[in-house]
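Take a look at the letters that make up each chain.
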Amino acid sequence: MTGDIHPRIASREATSHILKAFHLRASKRLGQNFLIDGAVVRGIVEAAGVVPGDRVLEIGPGIGTLTQGLAEAGADVTAVELDKKLPEVLAHTLAGYGNVRIVPGDILKVDLAELMGEAPFKVVANLPYYITTPILMELLERRLPITRLVTMVQKEVAERMTAMPGGKDYGALSVAVQYYTEPEIVLEVPPKSFLPAPEVDSVVISCRVREKPAVAAADERMFFRVVKAAFGQRRKTLANAMKGAGFQKEEIARAFEAAGLDAGRRGETLSLQEFAVLANAL
Ligand code: SAM
């Protein structure tokens, strides 16, 4: 299926040519590292399981590289781009694709519920690395009708997203991602697949959004308050970190006892299930 996709912008020559023709330079501040590898574009489109008519939100289309792959696969693409210089470029590079809508703006500020409506959609993006975590948290916490998120992220971020309890990578991002989705690393992408080449390794991660969260938290806000407290002061025991985050000593002791948890444990050793049991006991 994806063999039929010919993302022509995804080459060093085409990308350099487009940037030169529009007198542009990739902006470091905006996290602009353009994909120049057609196989990676096809890999992302394939991982997203895009079929004709799928609604896709793309974050940061850049000069349209991934957008073209999505459009060729028949997706109905809405692409939000912050760089004011790019809509003019996109009008050229994506001319002829009637299934792409470019929305100028900041992904953290646009009203996504209004933009995307109530029907299910997928998120596909080569994310700007300087704001990966806020974007992912916003998309997950807003409870939008997203079925799958397939994004290019820094390898180290993907390791945090998929980390299990006990290690240094396990943190609030791991808990949030795994609470809402089933994350899976699907593709390793070297720096040479981008122009300019980033200083870090990248991977494509596919997160299938769960129909119900992974664990039953009676009060989600309480669940995430405990999680944030736990990882806000990682070196402390969870009980001490919670005290530091404003929980009362007595309520902490009662909750640990009711949850059957050892008060000497560090937050980074708790599974999602244990966080939920503790939050439910509070
Ligand atoms: N999709 C293109 C590709 O794969 O070649 C470009 C990816 S580049 C890593 C990230 C893109 O996100 C850039 O085009 C950048 O201008 C855009 N961007 C940065 N911050 C943004 C924000 N807050 N909202 C929307 N787009 C943003």
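You'll find the structure just up there.
Rules of the game
- Residues numbered from 1 in each chain as written.
- Predicted model: local features only at pLDDT ≥ 70, side-chain atom pairs only at ≥ 80, totals over all residues.
- Heavy atoms only, no water.
- Salt bridge = Lys/Arg side-chain N within 4 Å of Asp/Glu carboxyl O.
- Helix = DSSP H or I, 4+ residues; strand = E, 2+ residues; numbered from the N terminus.
- Buried < 20%, exposed > 50% of the residue type's maximum accessible area, 1.4 Å probe, protein only.
- Polar contact = N/O pair within 3.5 Å; in protein donor to acceptor, adjacent residues only side chain to side chain.
- 1 Å grid on protein atoms, 1.4 Å probe; cavity = no way out; pocket = protein on both sides within 12 Å on 5 of 7 lines; lining within 4 Å.
- Points joined across faces, edges and corners; volume = space filled by probe spheres on them.
- Nonpolar A, V, L, I, M, F, W, Y, C, P; charged D, E, K, R; others polar.
- Contact = heavy atoms within 4.5 Å.
- Pairing = 2+ DSSP bridges.
- Axes fitted to C-alpha atoms, helices over the stretch in contact; angles between N-to-C directions.

(A) Just the pattern of salt bridges, in detail. For the structure on display, the rule yields 10 salt bridges. Between R208 and E182 there is a salt bridge, with the nearest N and O atoms lying 2.3 Å from each other. In this pair, R208 is assigned in strand β9 (residues 202-209) and E182 in strand β7 (residues 181-189), connecting sequence segments 26 residues apart. For R208, a relative accessible area of 37% gives the class partly exposed. You can call E182 partly exposed: its relative accessible area is 35%. Here E268 makes a salt bridge to R234, at a shortest N to O gap of 3.2 Å. A residue pair is termed long-range when its members are at least 10 positions apart, and E268 in the loop between α11 (249-259) and α12 (272-281) and R234 in the loop between α9 (220-232) and α10 (238-244) qualify at 34 residues.

(B) Representation of the side chain of S193 within the structure. Following the sequence through the fold, S193 ends up in the loop between β7 and β8 (194-195). Within the local environment of S193, its side chain forms a polar contact with the side chain of D37, the two groups lying 3.1 Å apart.

(C) A look at the layout of surface pockets. Estimates place the volume of the largest pocket at around 290 Å³. Lining the largest pocket are 13 residues, with K28, N33, A197, P198 and E199 positioned closest to its centre. Of the voids in this model, the second largest pocket is the one considered here, and its volume is about 160 Å³. In terms of lining residues, the second largest pocket is bounded by L139, L140, R143, L144, I146, Y179, Y180, V209, R210, E211, K212 and P213. Secondary-structure elements contributing two or more residues to the lining of the second largest pocket are α6 (132-141) and α8 (172-180). The residue makeup of the lining of the second largest pocket, split by class, is 8 nonpolar, no polar and 4 charged.

(D) Expanded view of the environment of N126. The residue N126 is located in strand β5 (residues 121-126) in this model. Taking the C-alpha atoms as reference points, N126 and V41, 85 residues apart in sequence, are found 9.6 Å from one another. If we skip the residues at most four places from it in the chain, N126 touches N33, L35, I59, G60, L66, M152 and F194. Of note is the side chain of N126, whose polar atom sits 3.3 Å from the backbone oxygen of N33.

(E) Spatial organisation of the sheet that holds strand β4 (residues 100-104). Taken in spatial order, the 7 strands make up an open sheet running β4-β3-β2-β5-β6-β9-β7, and their pairing is mixed. What marks the edges here is a single partner per strand, and that holds for β4 and β7. Each strand axis lies, on average, 20° off the axis of its neighbour in the sheet, ignoring direction. Both β7 and β9 contribute to a ladder of 8 bridges, which runs antiparallel. If you follow I185 over to β9, its bridge partner there is I205.

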